[in-house]
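A closer look at the structure
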Amino acid sequence: MNELLKKQFIREANNLLLLYPEVTAYENFLIWINEFYGPIESFDTNELEEIFPKPIEYIPLNIEEINEFGDVNTNSEYTDSISYSLSDLNEFGWLNNINDRNNISTNKFYKNIVLPSIGAMPLEVKKEIELHSMHILGRCNNPKDWQENIQGLVYGMVQSGKTASMMTLMGLAKSAGYRLFIVLSGDKESLRNQTQKRINESFNLNNGGYSNNSQDKIRSITTLKDDYSQVARGQHNGVDLWTLRDKSETIIICIKKESNNLKKLLSHLKDIEQACNQGRIVDHNFATDFKTMILDDEADFASQDTSIRGQGSTIHNLLCNIRETITQNCYVAYTATPQACIGANPHKLIGYPKDFIWLLEPHRNTNGETSSYLGLEEFFEKFPNQLISIIGKNAWPHIEKEDGIKKGIYKPDSNEVINDKKLSDIELENVIKLIENKSHRDSSCPEFKIAIIDFIIGCSIRWYRHFLSCKKAGFFERSLPTIQEIEEIELNATGFTGMGYKPFPYHSMMFNLAYINENQTHIIELINKLWQEVNNEFQDVIANNWNSESNTFLKCYQNQLEKSKRFELQVPEANSLQVFIKYALIITGKTINGTDNKYLYLINSDIDEGTILKYDSALREDRPKKASIIVGGNILSRGLTIENLSTTIFVRSQVMSLGDTNLQMCRWFGHKKNAIDLQTVYMQEHSFELFQNISESDRELRDQFKYHIFHNIPNKCLLLYLSNSPLFKSTSPSKMRNSGTGTQSYSGITVDLLQHLKHENFLENHALLENYLNKLKKNIVGKIEHNRATVYRKVPIDDFLDFFQKLKVSDDSLNISPSRYLKYLEKWREFDSRNFPDINIAIFDSDENNIPRERSRKINGVINEFKTEEDFKNATTNSLSAFRGGKSSKESKIKYCGDFLIDFPENFHSANYEIKNLRRPKSSGILFIFYKIQANYIGKFNGKKVFFNENDSGFIKADMTVPLITFSIATPLGGPIFSTRYNRDVLQIVIENSTECEKHIENINRLI
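Residues numbered from 1 in each chain as written. Predicted model: local features only at pLDDT ≥ 70, side-chain atom pairs only at ≥ 80, totals over all residues. Heavy atoms only, no water.

1. Remarks on the overall build of the chain
A tally of regular secondary structure across the chain gives 31 helices and 32 strands. The burial tally for the chain puts 57% of its 1008 residues in the buried class. Contacts in the chain between residues far apart in sequence, at least 24 positions, make up 77% of those at least 6 positions apart. By element, 47% of the accessible surface of the chain is carried by carbon and sulfur atoms, the whole surface being about 43000 Å². (Helix = DSSP H or I, 4+ residues; strand = E, 2+ residues; numbered from the N terminus. Buried < 20%, exposed > 50% of the residue type's maximum accessible area, 1.4 Å probe, protein only. Contact = heavy atoms within 4.5 Å. Areas by Shrake-Rupley, 256 points an atom, 1.4 Å probe, with all protein chains shown as cover.)

Here it is as structure tokens:
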């Protein structure tokens, strides 16, 4: 293999390792070679092994629970197969014809300029982004048959790459015939600059906004330096600024959502409209020659009407006026937190997605795992034991709540919950005490120092790995890099330094402890104290040759070894890392350019973070340091990107926690899976519980989006519900003025009680159930169905409801409680008392030896990460894993569709077994399914059944033969639609279209 080809192979291998975990990167590397350079067998195996050693494959344990009947347990509301494949969705709106799609995607400008420039990612990822964008475009207005202006919503994830989707959509829309693009960015110039830069890169524009190739006929009126108000200075009107000559020219405007900018744009649009009408702009018709796409980034912020009486807030009204002025415009909202959009007024031009919704998800591999993205699912469901580190309650003051109601503020080290002071005042007292007293620091917040050391060690590992990749490419073959070489940046956006190697990556840490600026200043004083201790500990561990058992550096290094091993990633010996640790300490401690001896970055409401974190600056001294610690508060949220943020201390609490606001604070999310072992978020238990609840709510909302998209349900039949919990509200009440509250709609879905232990008297439920059954058996004879459970049909409704409401189940239990479902039934009776359904019940009893059924608990983390049975027990939660029986295996001779249809005959199951998304048919009755399960069964560990014993903290004092009770409720189609938090105006639209909406719901069973 010649040297040029070898360098190309090394470069591609390094690019893939930046995007994927090692195993996935290796698989894609072999595919790349095979596609572009021929069969793998034609290359020397040893040479390929030298370039990219074959990794040890890590296969996560995705264990399906098989119950005693051979059925796979499930907990899905909507379907027995909850995975939807984008490739299976054939509805493209006005782009249903594949030739039309091909004509757009093969457009020369799009194919050669836009698609290659949307970001450094493999072609398969770009093609998936393109497929998403093609679906979005097909739901927007057709430039050749415009009709009524459309407004829709694209729901992404925090730090997941929504901008790449926007650039791709704009490129495809330009190919299709759109002419004007207005991109609405956040309210900070740094965020606008960030988006403008991506526009310039994607559309081959220079810093002045003009195309680098005049034949492309595209320009941006706004520039990297100037927003709309700035470029309009000195211009008499919009006609002079826009200089419209060729109506085939594409025009882009990237503008802050700020009143002066929007007023100027609105004024100029009216100037141009008047000039067109008067014939002063030759060959231009304002009504038809300005086919416009408005892309609203972070659409739930600033754009929404937050006025008290709905008269419209300033920004909202200006955006509505802009839409009213442009005759042909399509509005596409982008956000990772769509709650405010869902709650907006559907009759307004900005806010509610009245015409379409779309779900944007990161690329996933064949196992359904995200290829490169880390988000809610990874941090709070899959890998919390590795990625989340719990801070003690004495580390920082916080608001304590009970069932979502504020009890008071917990004052560290006092065990007091007080109500006579503000949280910010107690924070100030606490941080001053930590600054002044080292022994207090050591006992109350040892995690703060551990987190800083984790940050330094993680930085050294990141740089060491980069050093090895540079060495493979022929650099640093005889010596380690110097500090200056680590600090080098790329030359003229080439991706390489002046010496030819790829620049060493950034590595960052964030402290988010308080929102008051004064307190943040004191937090910096605290970090200064900790920083000196960290440096002293490093000198100590070096002096003892990494043998000092009490040294925090050594403990953190050993923990890092275990963590990296868990993810099958390599960490070098401590001595090999030592010089990189030294570099990380030196660079982090360097004075920030232009400051008075400050080495920590402070970002708060007084500062636009873009004036500090200039990652794109051409001057090295203006960029952030390659290793940075950042301190801030609320400003560390929406739109802010911190390069390679790896260690975060997040200790925040609010009287009213908002799901969307807290989610936007998760700046640690992003495409970081290639360095998953270097990610850690430190938070207190209350924050961890909050984010687990937010994760559940986010997944529910995403499932609703998938359900409606993949079943092609029109938006006039779309009624999304937003889940609140005692721990948070979905969004600010000012953004939900059109909302009503009620019980969730359960029509056509099955829900399970997962938290059967939450009520303090849960042990009484077995006796309550037995007493009810004893009375019931006097009048109704149960029948054993499918050799699984006893079914009682058409039970007396009032007697059953009287029993059901007595069950000891907490109102806020996942995913259902008697009180929540009874409210739904009460509404159903009010809504349609004559057609109220029958009630059937099924009892999954103890086995023939009177031993209750074994159903697994939910485990925090992945089972094969635990070394001992004790570790496994300690990770057990009080929630159940999937416990309801799903479909029988395909090999089974007698087909069974699942417990939610156990009251249907065998021929029904046989006839409907292959149908996806099967529901209980309309008028089939509500089925309540009760399961008698063992109290202390946890699950299987290393193939062995594990139970809590009397010495375990999780042990439940109950006789082996006395079961605990949980249940599922399967509701037939045709039930009324109510929701936890719903849009009143949208509900009215659904009611007005009830005939068509009911038709769509009933057709779901026939959709694949």
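2. A word on the sheet that holds strand E10 (residues 388-391)
Sheet architecture is open: six strands sit in the order E10-E19-E17-E14-E16-E15, paired in parallel fashion. Strand pairing shows two members of the sheet lacking a second neighbour, E10 and strand E15 (601-603), which therefore form its edges. Neighbour-to-neighbour, the strand axes of this sheet turn through a mean angle of 20°, independent of strand direction. Pairing of E10 with strand E19 (residues 680-684) involves four bridges; the strand directions are parallel. When the sheet's bridge partners are listed, Ser-389 is paired in E19 with Tyr-682. (Pairing = 2+ DSSP bridges. Axes fitted to C-alpha atoms, helices over the stretch in contact; angles between N-to-C directions.)

3. Some thoughts on unusual backbone geometry
Leave glycine aside and you will find that most residues have negative phi; peptide bonds, for their part, are mostly trans. Even without glycine at this site, Asn-415 takes up a positive phi of about 60°. Note that Asn-415 resides in the loop between strand E12 (405-411) and strand E13 (416-418). Positioned with a positive phi, Asn-597 is a non-glycine residue whose angle comes to about 60°. Here Asn-597 is to be found in the loop between helix H22 (574-588) and E15.

4. Notes on the nonpolar core
Residues Leu-137, Phe-203, Trp-242, Met-293, Val-332 and Phe-705 are the most contacted members of the largest nonpolar core, which totals 101 residues. For this core, the leading source of residues is helix H7 (residues 162-176), giving eight residues. When residues no more than four places from it in sequence are discounted, the contact partners of Leu-137 are Trp-94, Leu-95, Ile-104, Leu-169, Leu-172, Ala-173, Ala-176, Tyr-178 and Met-293. By size, the runner-up hydrophobic cluster in this structure holds 63 residues, among which are Trp-463, Phe-476, Tyr-501 and Phe-553. (Core = buried A, V, L, I, M, F, W, Y, C linked by side-chain atoms within 4.5 Å.)

5. So, the pairing of strand E29 (residues 937-941)
In terms of burial, E29 is a largely internal element, four of the five residues being buried. Where E29 folds back on strand E30 (residues 944-947), the antiparallel hairpin that results is connected by two residues, among which Asn-942 adopts a positive phi of roughly 55°.

6. As for the packing of H7 against helix H8 (residues 189-202)
One can describe the packing of H7 onto H8 by two numbers: an axis separation of 11 Å at closest approach and a directional angle of 45°. Put simply, H7 runs oblique to H8. Crossing of H7 over H8 shows right-handed handedness. Residues Thr-163, Ala-164 and Met-167 of H7 form the contact with H8, whose own contacting residues are Arg-198, Ile-199 and Ser-202. Of the residues in the contact of H7 with H8, the class split is three nonpolar, two polar and one charged. (Parallel < 35°, antiparallel > 145°, perpendicular 65-115°, else oblique. Left-handed = near helix turned anticlockwise from the far one by under 90°. Nonpolar A, V, L, I, M, F, W, Y, C, P; charged D, E, K, R; others polar.)

7. Focus on the packing of aromatic side chains
Within the structure shown, the criterion is met by 52 aromatic pairs. Both rings, one in Phe-9 and one in Phe-43, keep their centres 5.5 Å apart while their planes meet at 55°; by these two values the pair is tilted. Of this pair, Phe-9 sits in helix H1 (residues 3-19) while Phe-43 sits in the loop between helix H2 (22-37) and helix H3 (45-51); the two residues are 34 residues apart in sequence, bridging distant segments of the chain. In this structure Phe-9 comes out as buried when scored by relative accessible area, which is 0%. Relative to Phe-476, the ring of Phe-467 lies with its centre 6.4 Å away and its plane at 45°, an arrangement referred to as tilted. Classification of Phe-467 by relative accessible area gives buried; the value is 5%. Linked through ring pairs, Tyr-772, Phe-800, Phe-803, Phe-804, Tyr-821, Tyr-824, Trp-828, Phe-836, Phe-928, Phe-930 and Phe-967 together constitute an aromatic cluster. The ring of Tyr-410 has Lys-393 sitting right over it, with the charged end atom 4.4 Å from the ring centre. (Phe/Tyr/Trp six-rings, centres within 6.5 Å; stacked < 30°, edge-to-face > 60°. Lys NZ or Arg CZ within 6 Å of the ring centre and 35° of its normal.)

8. Here we look at the sheet that holds strand E23 (residues 789-792)
If you walk across this open sheet you meet the six strands as E21-E31-E28-E24-E23-E22, and the pairing is mixed. Of all the strands in the sheet, just strand E21 (750-752) and strand E22 (783-785) have a single pairing partner and so form its edges. Ignoring which end each strand starts from, the neighbouring axes of this sheet average 25° apart. Summarising the sheet, E21 and strand E31 (residues 964-970) pair through three bridges and their orientation is antiparallel. When the bridges of E31 are listed, Thr-750 appears paired with Ala-970. Contacts from helix H25 (residues 765-776) reach E23, strand E24 (839-844), strand E28 (926-933) and E31, with the element oriented near 120° to E24. In the packing of helix H26 (residues 797-804) onto the sheet, the strands contacted are E24, E28 and E31, and the crossing angle to E28 comes to about 40°.

9. Looking at the packing of helix H20 (residues 517-543) against H22
For the pair H20 and H22, interaxial distance at closest approach is 12 Å and the crossing angle is 160°. Taken as axis vectors, H20 and H22 run roughly antiparallel relative to one another. For the element pair H20 and H22, the recorded crossing hand is left-handed. Only Gln-578, Ile-581, Lys-582, Leu-585 and Thr-588 of H22 make contact with H20, whose side of the interface consists of Trp-531, Val-534, Asn-535, Phe-538 and Ile-542. Here the contact of H20 with H22 is built from residues that sort into six nonpolar, three polar and one charged.

10. Re the pattern of salt bridges
Following the criterion strictly, the structure yields 39 salt bridges and no others. Ionic pairing is found between Glu-201 and Lys-197, a salt bridge with its closest N-O pair at 2.3 Å. Of this pair, Glu-201 and Lys-197 both sit in helix H8, four residues apart, roughly one helical turn. Taking the relative accessible area as the measure of exposure, Glu-201 reaches 36% and is therefore partly exposed. As a salt-bridge pair, Asp-798 and Arg-829 come within 3.1 Å of each other at their nearest N and O atoms. A residue pair is termed long-range when its members are at least 10 positions apart, and Asp-798 in helix H26 and Arg-829 in helix H27 (residues 818-831) qualify at 31 residues. Using a relative accessible area of 34% as the deciding quantity, one classes Arg-829 as partly exposed. In this structure, a network of salt bridges that share partners links the residues Glu-361, Arg-364, Glu-377, Arg-702 and Lys-706. (Salt bridge = Lys/Arg side-chain N within 4 Å of Asp/Glu carboxyl O.)

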